[in-house]
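# Descriptive structure summary
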Amino acid sequence: AAALSIIFVSAALGLLFAVYQYWMISRINLTIDSSYDRVGTEKAVQSEENGKENTTDVALEGESGNTSEDPAHGQTYETTQEKLTNISSAISLGAKSFLAAEYKICAVFLILFSILVLCLVGSAGHCGDAAPDVVKHGLNDTSVEGSCWALGGFTMLAFLIGGGISMLSGYIGMMIAVYTNVRTTVEATRGWTRAFNAAFRGGAVMGFALSGLALLVLTCLILLYRINDKLNPDSYDSNSQFQYLFLFEVIAGYGLGGSSIALFGRVGGGIYTKAADVGADLVGKVEKGIPEDDPRNPATIADNVGDNVGDVAGMGADLFGSFAESTCAALVLSSKSVQLQANFGTLMFPLVISAVGILCCILTSFIATHFDPVKKAADVERVLKIQLIFSTILLTPVLAGISRAFLPDVFCFQTSGLNEECVEGAAGTSTWWGAFISTMCGLWAGLLTGLITEYFTSHSYSPVREVAKSSETGAATLIIYGLALGYKSVIIPIFLLALTIFTSFYLCDLYGVALAALGMLSSLSIGLTIDVYGPITDNAGGIAEMAELGEDIRNITDTLDAAGNTTAAIGKGFAIGSAALVSLSLFGAFATNIGAGETGIDILQPITFAFLLIGAMLPYWFSALTMKSVGIAAHEMVEEVRRQFKEHPGIMNGTEKPDYDSCIKISTQASLKEMIAPGALVMLSPIFTGYLFGVYALSGLLAGSLVSAVQMAISSSNTGGAWDNAKKYVEQGNYGGKGSECHKAAVVGDTVGDPLKDTSGPALNILMKLMAIISLVFSTSFVGQAIPAGERWAGYPQN
């Protein structure tokens, strides 16, 4: 009762806090001070008097307190207020259009794949009532007869619910981002504190709504399924403790649904945003020499839409999947312990971790908005970093408290019967303090990984400044330096992950690894808040540029955005680290389900080692597909932008408006088309391997893909982030500033890095997790239905 009370209260408070933050944002007055219109009028009049034609001040439309006409061209000008409204509406409409088109495809996928889940899980044929025997001998003992169709149906329903909640989370994030961006721009006319708070509150709506909703729905699903006779341990007369195995196996479908939608959100959104970004940069900055987000660039609206599509909806779905999968992995592993199942509250401990995380993050958020608000440029990055550090410090004693309160002094994970003694100090024995240390290791490893990522990607530190300096000798050396930085940035995070895995595995078996993943995700609400803050401020800067609000306003939005870029890099490091731990915990749950929990998996078996190499290759194949997809879409975008400048020369002098819609259409169509192949590769690889080559080949595939993907993801994300911030460092006036040869070289590097940091790198998180959760969900089917089951060449033990 205590555990459920904490979970429900925390989830409710998280949702209510998100509603409160939305209410605060809705109170922002969108009417800007008339002085900004007068400034625009003066600029427009001065431009007419001087006969200027090619100035940014009158590039899109003139600015005046009232609508007026340009006597030279007969063009109707809009007020600044109207510009803000129209630009924001265009971004919002583009985001909604893409999301609607993407979610139609996702809905069809969910229906078709849910049928596959039902058929594959339901046809396993060894899900009878003799659950203790199944656990005793391992699931590879297919002599335990019994229908699995009920379990297949429950798994299918959990899959649909997980996918639906993931889509809803992405939609909420997208809508709040496009709702907040223009309000952040307007608040920038009123000072640092109000501008920062607007963007931060927008991120908080996404962060706390997603965390609360994910926790609430998963808890309700567990309680609902527990009522059913097939899944309720109380329905069994003897040895019923292990019957939780079936309950949590079907609950794993919830994680599968969330991660499946995350794949499309990450890949599709990444292709969309980078196609627009590359097209806008190559033609606008390099060829035409116009500023970023200049209203004359036909791809600028698509670029701003893409910020929300990839970094809000995509990241939200990604971290929702991580939460669902790590929780499901911990629950599946806990179903192998008699002591953990003696009390339902103890069994729900993984959800209690997430619950107290929401409460701590709510308290932490008030530091940024009330106790230590942003008052000047230097405060922005410091306040955001304090959010991560303080939430980690606050959570540490809280996690110790709930570990002591909810976990037994000693617990064991048994797969060979119920009569073994569980004595502290014996092999395979875990303790409450071991569980706490495992969780704490994940929590602090996440923070340290984020801070290390910041060091390698922020232009406040020497690595990025070295990359920027290398632009003096051209784009080639800048790219070489950036690649070297990315490879080097892998070293410390991998040591941190290795230490976390060793410690948690040693103290609490594979359950400890799952707890480490949950510990890293316990500050999810704040992590996601800061991550969504970035695209909101990026959009706010773009709107300020397109509405021509002036350098003072753009200075505020650019500073907020620069801090957002740094925290976005921290968020990516956090997401990659948690994905690695989640993937390993899911792999552990899969291994125990196939009966290899005690004996282990021998990588020196020919089939396992062969597929270990194949698994290590998959991230490269996947990255090749996503990178080429960005290249194909970007090529179309570049050609379209060039066509518009060529056929409509009036765009550059402000007498014609660009066709923004055509660029939005290119990004939308390309992303939806190109996301199919990478998605199919990730989802079909474990299914085909499991059925055609058996579970030991699949074990090698999962291990190889995890080891390869986590390092490639860190390298790709940090390389791209370093190039991006090296460009921004040059644009601040270093090495010649904007328009210089160094700047052109930096733009090339940034353009190359865009698909690395925003498409391929982040999407590798999904590859790690999705392959593992598919293997777990279908493990019973693989055991019974694999073609080479029992064959020596496929690695199966011989009697």
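All of the points below concern the structure found in this document. Think of each chain on its own: its residues are numbered from 1, step by step along the sequence as written. Only residues with pLDDT of at least 70 get local features here, since the model is predicted, and only at 80 or more are side-chain atom pairs given and counted; chain-wide, interface and lining totals rely on the full set of residues. Water and hydrogen atoms play no part in the side-chain values, which are based on all heavy atoms of the structure.

### Describing the environment of T592
In this text, helices come from DSSP runs of H or I with a minimum length of four residues, and strands from runs of E with a minimum of two, each type numbered from the N-terminal end. Turning to its location among the elements, T592 is positioned in helix α17 (residues 551-593). It is 9.7 Å that separates the C-alpha atoms of T592 and L776, two residues lying 184 residues apart in sequence.

### Regarding unusual backbone geometry
Glycine aside, a negative phi is what most residues show, and trans is what most peptide bonds show. One non-glycine residue, D509, adopts positive backbone phi at about 60 degrees. Exposure categories follow from relative accessible area, calculated using a 1.4 Å probe and restricted to protein chains: below 20% of the type maximum is buried, above 50% is exposed, and the middle band is partly exposed. The exposure class assigned to D509 is partly exposed, which follows from its relative accessible area of 36%. With phi around 55 degrees, Y735 is a residue other than glycine that occupies positive phi space. With respect to the element layout, Y735 can be found in the loop between α22 (695-731) and α23 (741-777). Overall, Y735 belongs to the partly exposed group, its relative accessible area being 27%.

### Describing empty space enclosed by the protein
Using a 1 Å grid laid over the protein atoms alone, points where a 1.4 Å probe fits but cannot get out form a cavity; open sets with protein on both sides within 12 Å along at least 5 of 7 lines form a pocket; any residue with an atom within 4 Å of a point counts as lining. Grid points are joined across faces, edges and corners, and a volume is the space filled by probe spheres set on the points. For the coordinates displayed, the defined rule picks out 8 cavities of 30 Å³ or more. Counted as a void, the largest cavity has a volume near 170 Å³. For the largest cavity, the lining is made up of 17 residues, of which L388, S523, G527, I570 and F574 are closest to its centre. Secondary structure elements with two or more residues in the lining of the largest cavity: α8 (300-334), α11 (377-406), α12 (432-457), α16 (524-546) and α17. Its boundaries defined by the atoms lining it, the second largest cavity holds a volume of some 90 Å³. Together, 12 residues line the second largest cavity, and V121, T155, E249, V777 and T780 are the ones closest to its centre. By residue number, the principal contributor to the lining of the second largest cavity is helix α7 (residues 244-287), which donates 4 residues. Among the residues forming the lining of the second largest cavity, the class breakdown is 8 nonpolar, 3 polar and 1 charged. Residues are grouped as follows: nonpolar covers Ala, Val, Leu, Ile, Met, Phe, Trp, Tyr, Cys and Pro; charged covers Asp, Glu, Lys and Arg; every other residue, Gly included, is treated as polar.

### Digging into helix α10 (residues 349-371)
Relative to the 33 Å expected for 23 residues at 1.5 Å per residue, α10 spans 32 Å between its end C-alpha atoms, a close match to the ideal helical length. Among the 23 residues that make up α10, 18 are buried, leaving the element largely enclosed by the rest of the structure. Residue count minus one, scaled by 1.5 Å, sets the expected span of a helix.

### Digging into the nonpolar core
General note: in soluble globular proteins, nonpolar side chains tend to be found buried as a group. Here, nonpolar core refers to any group of buried Ala, Val, Leu, Ile, Met, Phe, Trp, Tyr and Cys residues whose side-chain atoms link them within 4.5 Å. F196, I222, Y254, Y511 and F778 are the most contacted members of the largest nonpolar core, which totals 227 residues. Contacts: residue pairs with any heavy atoms within 4.5 Å of one another. With residues up to four places along the chain from it excluded, the contact list for I222 reads L247, F248, I251, L331, F344, M348 and L351. Of all hydrophobic cores here, the second largest spans 15 residues; its members include I452, V467, L478 and A722.

### Concerning the pattern of salt bridges
What makes a salt bridge here is a side-chain nitrogen of Lys or Arg within 4 Å of a carboxyl oxygen of Asp or Glu, nothing more. Taken as a whole, this structure holds 25 salt bridges when the rule is applied. E472 serves as the salt-bridge partner of K469, at 3.3 Å between the closest nitrogen and oxygen. With relative accessibility at 45%, the residue E472 sits in the partly exposed group. Note that D724 is salt-bridged to K727, the shortest N-O span being 3.7 Å.

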